[in-house]
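Below, each chain spelled out in residue letters.
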Amino acid sequence: MIRLRILDDVTQTTEPPARTAPAPPRRTPRIHRAWFVAAVTFVTIIGAAAFRSLPSLLIDPLHDDFGWSRGTIGLAVSINLALYGLTAPFAAALMDRFGIRKVVAVALIVIAVGSGLTVWMNSAWQLLLCWGLLVGLGSGSMALAFAATVTNRWFTERRGLVTGILTAASASGQLIFLPLLAWIVDNYQWRPAAVTVALAALVVVPFVWLLLRDHPADVGLKPYGAKEFVAKPPPVKGAARRTMAVLFKSARTGPFWLLAGSFAICGASTNGLIQTHFVPAAHDHGMSVPTAAWLLAVIGVFDIVGTIASGWLTDRFEARRLLAVYYALRGVSLLFLPILLAPNVNPPMLFFIVFYGLDWVATVPPTLALCREHYGDDSAIVFGWVLASHQVGAAIVAFAGGVVRDTFGSYDVIWYASGALCAAAALMALVIRRGTADKTLAVSG
């Protein structure tokens, strides 16, 4: 008995200690935290969209105030739009390195500084610096690559729907701020409107810092719709190097160029054309600036409906066919716009506004879905580069529209040219081949 007891004691003392089991993830709450993160992202993009509402309202006031040509003012808008796109892929990589919260908070502060400094400008180069460079960099970090990163991390189901909702946030910002800014410009000139934009960006910063989280693992949750817990990946160093590497690898594939080319035309026919030049074009035909701004805001209303519906459709139908339909219908509508502009709002113009609003950025959910389909884990950065082409297209037309107006005295040429480009985009969408993330991961890995 003594020997047995000694053996038992030895066994107990030499037996290795039991391993501590990892703490299980927290039980998923009734309303998943992902929806709260999506809500904060929605509000954040709305705040950033305030500046996007301003350029079309300032073309005539800045021309009257400083004597700058519309081409010069359009160049500032072009720089802003180009940087908005070119910054996006690097911002997506920076979010992988430093986290969503830090990147977005800094971006909002940069937007506020750039917009606020325009109050004291008196030379065209200052317009290019503040309106073009600073706000372009800040808003680029708040671009749709931000929405793509949040969607990829927090959702495995309902991605198309969430993409549509977050994309619609930009239109919601336009809806909220455009009539207000138009009223301010009409009654108090353009400087108070610039201050309003700066304050709107600053107000959102505390919400981002306190409520936004980088990854579901930060709060012990699975992504929405995931069957297994997903650990938070370590910070990815070399953001710029990775961004360029993804570009070079994706640029060796055909779908990248088709997506980038069609999305460049998307930007040319929306941000570069309608958002920048619709108000001054309507004013040329005798319509008051506040009335034209309200029409642009109504586009924002129906954009929300159209983009969310497009997200729902993208979860159910082939994305490339949806894109082809969207571009074809947009091109047809642009061909009719020159004969619809008049001093008063008539029913055909209202039909155009509703129709164009439904189609405004309905292209985003299927474009992002095709990026995921072809580029897997790199899809957010690839979409950032595709978005860069969107903004380059917008920048070219924002500048070209001003030059066309200065040269011909009207915008008719640019409406017809953009309609023809949309027809080309529809054909480009149709020839995008089907793909899987697994195949492309082998290419981009």
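What counts and what doesn't
Residues numbered from 1 in each chain as written. Predicted model: local features only at pLDDT ≥ 70, side-chain atom pairs only at ≥ 80, totals over all residues. Heavy atoms only, no water. Helix = DSSP H or I, 4+ residues; strand = E, 2+ residues; numbered from the N terminus. Contact = heavy atoms within 4.5 Å. Areas by Shrake-Rupley, 256 points an atom, 1.4 Å probe, with all protein chains shown as cover. Salt bridge = Lys/Arg side-chain N within 4 Å of Asp/Glu carboxyl O. Buried < 20%, exposed > 50% of the residue type's maximum accessible area, 1.4 Å probe, protein only. Axes fitted to C-alpha atoms, helices over the stretch in contact; angles between N-to-C directions. Left-handed = near helix turned anticlockwise from the far one by under 90°. Nonpolar A, V, L, I, M, F, W, Y, C, P; charged D, E, K, R; others polar. Phe/Tyr/Trp six-rings, centres within 6.5 Å; stacked < 30°, edge-to-face > 60°. Lys NZ or Arg CZ within 6 Å of the ring centre and 35° of its normal. Core = buried A, V, L, I, M, F, W, Y, C linked by side-chain atoms within 4.5 Å. Expected span 1.5 Å × (residues − 1). Patch = residues over 30% accessible without salt bridge, like charges linked within 9 Å, V, L, I, M, F, W, Y side chains within 5 Å. pLDDT = per-residue confidence, 0-100.

Peer 1: Hey, could you run me through the overall build of the protein in this one?
Peer 2: When helices and strands are tallied, the protein shows 19 helices and zero strands. Contacts in the protein between residues at least 24 apart in sequence constitute 84% of all its contacts with a sequence separation of at least 6. Put simply, the protein shows about 19,200 Å² of open surface, and 67% of that area lies on carbon and sulfur atoms.

Peer 1: Got a minute to help me understand the pattern of salt bridges in this structure?
Peer 2: This structure, assessed with the given rule, holds six salt bridges. A salt bridge links glutamate 318 to arginine 320, with the nearest nitrogen and oxygen atoms 2.3 Å apart. For glutamate 318, a relative accessible area of 22% corresponds to the partly exposed category. Arginine 320 sits in the buried class, given a relative accessible area of 16%.

Peer 1: Sorry, what's going on with the packing of helix H14 (residues 319-340) against helix H16 (residues 364-375) here?
Peer 2: Working note: a packed helix pair is described by the angle between its axes plus the distance between those axes. Closest axis-to-axis distance for the H14/H16 pair is 9 Å, and the angle between their directions is 145 degrees. For the pair H14 and H16, the sense of crossing is left-handed. Judged by residue contacts, Ala319, Arg320, Leu323 and Tyr326 of H14 engage Pro366, Thr367, Ala369 and Leu370 from H16. Residues belonging to the contact of H14 with H16 are distributed by class as follows: six nonpolar, one polar and one charged.

Peer 1: Any chance you could explain the side chain of threonine 243 here in plain terms?
Peer 2: Mapped onto the elements, threonine 243 comes out in helix H10 (residues 239-250). According to the relative accessible area criterion, threonine 243 is buried, its value standing at 0%. Every residue in contact with threonine 243, bar those within four places of it in the chain, is listed here: Pro89, Phe90, Ala93, Ile381 and Trp385.

Peer 1: Would you mind going over unusual backbone geometry with me for this structure?
Peer 2: When glycine is set aside, most residues are seen to have a negative phi, and most peptide bonds are trans. Even without a glycine there, the phi angle at glutamine 189 is positive, about 75 degrees. Take glutamine 189: it is sitting in the loop between helix H8 (159-188) and helix H9 (190-211).

Peer 1: Would you explain the environment of isoleucine 308 in this entry?
Peer 2: If you trace the backbone, isoleucine 308 turns up in helix H13 (residues 289-314). Under the relative-accessibility criterion, isoleucine 308 is labelled partly exposed at 28%. Sequence-wise, isoleucine 308 and valine 162 are 146 residues apart; in three dimensions their C-alpha atoms are separated by 7.9 Å. Those residues within four positions of isoleucine 308 in sequence are excluded, and the remaining contacts are Leu161, Gly164, Ile165 and Ala168.

Peer 1: Looking at this structure, how should I read the side chain of threonine 363?
Peer 2: By the element assignment, threonine 363 lies in the loop between helix H15 (347-359) and H16. Sequence-distant contacts of threonine 363, that is, excluding residues within four places in its chain, are made with Phe263, Cys266, Leu323, Tyr326, Tyr327 and Arg330.

Peer 1: So what exactly am I meant to see when it comes to the packing of aromatic side chains here?
Peer 2: What characterises a pair of aromatic rings is the spacing of the ring centres plus the angle enclosed by the ring planes. Using the criterion set out here, one finds twelve aromatic pairs in the structure. Aromatic pair tryptophan 35 and phenylalanine 155: ring centres 5.0 Å apart, planes at 70 degrees, arrangement edge-to-face. With tryptophan 35 in helix H2 (residues 33-52) and phenylalanine 155 in the loop between helix H7 (144-154) and H8, the pair connects residues that are 120 residues apart, well separated along the chain. You can call phenylalanine 155 buried: its relative accessible area is 0%. Arranged with centres 5.2 Å apart and planes meeting at 70 degrees, the rings of tryptophan 35 and tyrosine 224 form a pair that is edge-to-face. Taken together, the positions of tryptophan 35 in helix H2 and tyrosine 224 in the loop between H9 and H10 put the pair 189 residues apart, joining distant regions of the chain. Given a relative accessible area of 29%, tryptophan 35 falls into the partly exposed group. An aromatic cluster is built from Trp35, Phe155 and Tyr224, whose rings are joined through pairwise contacts. The positively charged end of arginine 97 is found above the aromatic ring belonging to phenylalanine 98, 4.9 Å away from the centroid. The ring of tryptophan 209 carries the charged tip of arginine 101 above its face, separated from the ring centre by 4.8 Å.

Peer 1: Looking at this structure, how should I read the nonpolar core?
Peer 2: Among soluble globular proteins, nonpolar side chains are generally buried collectively. With 125 residues, the main nonpolar core has Leu62, Phe146, Ile274, Phe278, Met349 and Trp415 as its most contacted residues. Ranked by residue count, the leading element in this core is helix H17 (residues 379-408), at 13 residues. Beyond its immediate sequence surroundings of up to four residues, phenylalanine 278 is in contact with Leu273, Ala292, Leu295, Leu296, Leu337, Leu341, Met349, Ile353 and Trp415.

Peer 1: Just to check I follow, could you spell out helix H5 (residues 100-117) for this structure?
Peer 2: Side chains of residues three or four places apart in an α-helix project in the same direction, reflecting 3.6 residues per turn. Between its first and last C-alpha, H5 extends 26 Å over 18 residues, near the 26 Å set by a 1.5 Å rise per residue. Within H5, the full set of buried residues consists of Ile100, Val103, Val104, Ala105, Ala107, Leu108, Ile111, Ala112, Gly114, Ser115 and Gly116.

Peer 1: Can you walk me through the environment of lysine 227 in this structure?
Peer 2: Structurally, the position occupied by lysine 227 is in the loop between H9 and H10. For the pair lysine 227 and threonine 156, spaced 71 residues apart in the sequence, the C-alpha separation amounts to 9.3 Å.

Peer 1: Sorry if this is basic, but what is going on with a nonpolar patch on the surface here?
Peer 2: Together, Ile109, Val113, Leu117, Trp120, Val195, Leu199 and Leu202 make up an exposed nonpolar region whose accessible area comes to about 660 Å². Mapped by element, the contributors of at least two residues to the nonpolar patch are H5 and H9.

Peer 1: Can you help me understand the confidence of the model for the protein in this one?
Peer 2: One rule of thumb: low pLDDT means the predicted coordinates there are not for detailed reading. Per-residue pLDDT for the protein has a mean of 81; in total, 87% of the residues score no lower than 70. Overall, residues 437-445 carries pLDDT values under 50, and its contacts beyond four positions in sequence, including any with other chains, amount to 15 contacts.

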